[in-house]
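Fold and geometry: a report
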Amino acid sequence: MAKTAVALQWATPASWVKAGPLSDFDAFLADHANCERKASALALSLVVRFPDRKAIIRPLIDLAAEELEHFRQVFAVMEARGVDLVPDTPDPYVARMKKMMRHGREERFIDTLLVSSLIECRGAERFRLISEAMGEGDPIMRDFYRDLWACEAKHGNLFVEWALKFASEVSLYARLAELAESEAEVAASLPARPSLH
Ligand SMILES: [Fe+2]
Ligand SMILES: [Fe+2]
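This write-up is about the structure you can find in this document. None of the values given here were measured: they were computed from a predicted structure.

Within the protein, the regular secondary structure consists of 7 helices and 0 strands. Sequence-ordered secondary structure for the protein, helices as α and strands as β, is α-α-α-α-α-α-α. Expected size for 197 residues packed as a compact globule is a radius of gyration near 16 Å; at 16 Å, the protein falls within 12% of this value. Projected onto its principal axes, the C-alpha positions of the protein cover 45 × 30 × 30 Å. Looking at the protein residue by residue over its 197 residues, the buried ones come to 35%. Partitioning the contacts of the protein with sequence separation of at least 6, the portion at a separation of at least 24 is 80%.

Put into structure tokens, the structure is as follows:
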């Protein structure tokens, strides 16, 4: 059984929570909702673009449904707080991650899976930080972000597991190491905002 755990090469400092999400939690929720919606859309776009990858079609549909459920959950939190959805704005982190992807159908497919894995892992890390910062002060949000953390961490591993069905372990882990280095540089370079990235 190949390893599928992904290690981020830069750790978001705990101080990010205060400077970022907690600086305007309502704005953060609106961004978070968009992230979940886009995660669902990305899974479905892979189904559309790569219908020949039969081994992962069903899992991708399941993932799209799960991310849509996250969107529904975050939107419910927003509704309870009287927060509106906001129009989609470019996410500088995701934009820079997309630029790292190679061209060519096969390379693009593998890089999309690996970049998605890293984005999921970064999301999981940050949900963990938010959950820990909420603590006893807001047990509902603490548990909400704890559950999301566990879920996104699982997705981070899933994308690598799927990529391993279509590429050799050696080449895949070499590429993942390269992308993880670049991801760390991007994540470390971006200022904290009331957003996930
Ligand atoms: Fe999610
Ligand atoms: Fe996810």
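On to the packing of helix α2 (residues 25–49) against helix α3 (residues 54–81), then. The angle between the axes and the distance between the axes are what describe a pair of packed helices. Where α2 meets α3, the closest approach of the two axes is 8 Å, and the angle between their N-to-C directions is 160°. When the interaxial angle is binned, α2 and α3 end up roughly antiparallel. Our pair here, α2 against α3, has a crossing hand that is left-handed. Residue composition of the contact of α2 with α3, grouped by class: 19 nonpolar, 3 polar and 5 charged.

Its place among the elements puts Arg81 in helix α3. When the C-alpha positions of Arg81 and Ser171 are compared, they lie 47 Å apart, and in sequence the two are 90 residues distant.

Let us look at the packing of helix α5 (residues 105–134) against helix α6 (residues 139–163). Across the interface, α5 lies against α6 with an axial gap of 7 Å and an inter-helix angle of 160°. With respect to their mutual orientation, α5 and α6 come out roughly antiparallel. Relative to α6, α5 is oriented so that their crossing is left-handed.

Time to look at the nonpolar core. Ranked by size, the top nonpolar core spans 37 residues in total, and within it Leu113, Leu114, Leu118, Phe159 and Ala163 carry the most contacts. When contributions to this core are tallied by element, the ones reaching two or more residues are α1 (16–19), α2, α3, α5, α6 and α7 (169–189). Top element by residues in this core is α5. It accounts for 13 residues. Contacts of Ala163, omitting those with residues within four sequence positions, involve Ile110, Leu113, Leu114 and Leu172. Grouped together as the second largest cluster of nonpolar side chains are 6 residues, Phe28, Ala30, Ala33 and Val74 included.

Rules used throughout
Residues numbered from 1 in each chain as written. Chains lettered and ligands numbered in written order. Predicted model: local features only at pLDDT ≥ 70, side-chain atom pairs only at ≥ 80, totals over all residues. Helix = DSSP H or I, 4+ residues; strand = E, 2+ residues; numbered from the N terminus. Rg over C-alpha atoms; globule rule 2.2 N^0.38 Å. Buried ≥ 20, exposed ≤ 12 C-beta atoms within 10 Å, placed from the backbone. Contact = placed C-beta atoms within 7 Å. Axes fitted to C-alpha atoms, helices over the stretch in contact; angles between N-to-C directions. Parallel < 35°, antiparallel > 145°, perpendicular 65-115°, else oblique. Left-handed = near helix turned anticlockwise from the far one by under 90°. Nonpolar A, V, L, I, M, F, W, Y, C, P; charged D, E, K, R; others polar. Core = buried A, V, L, I, M, F, W, Y, C linked by C-beta atoms within 7 Å.

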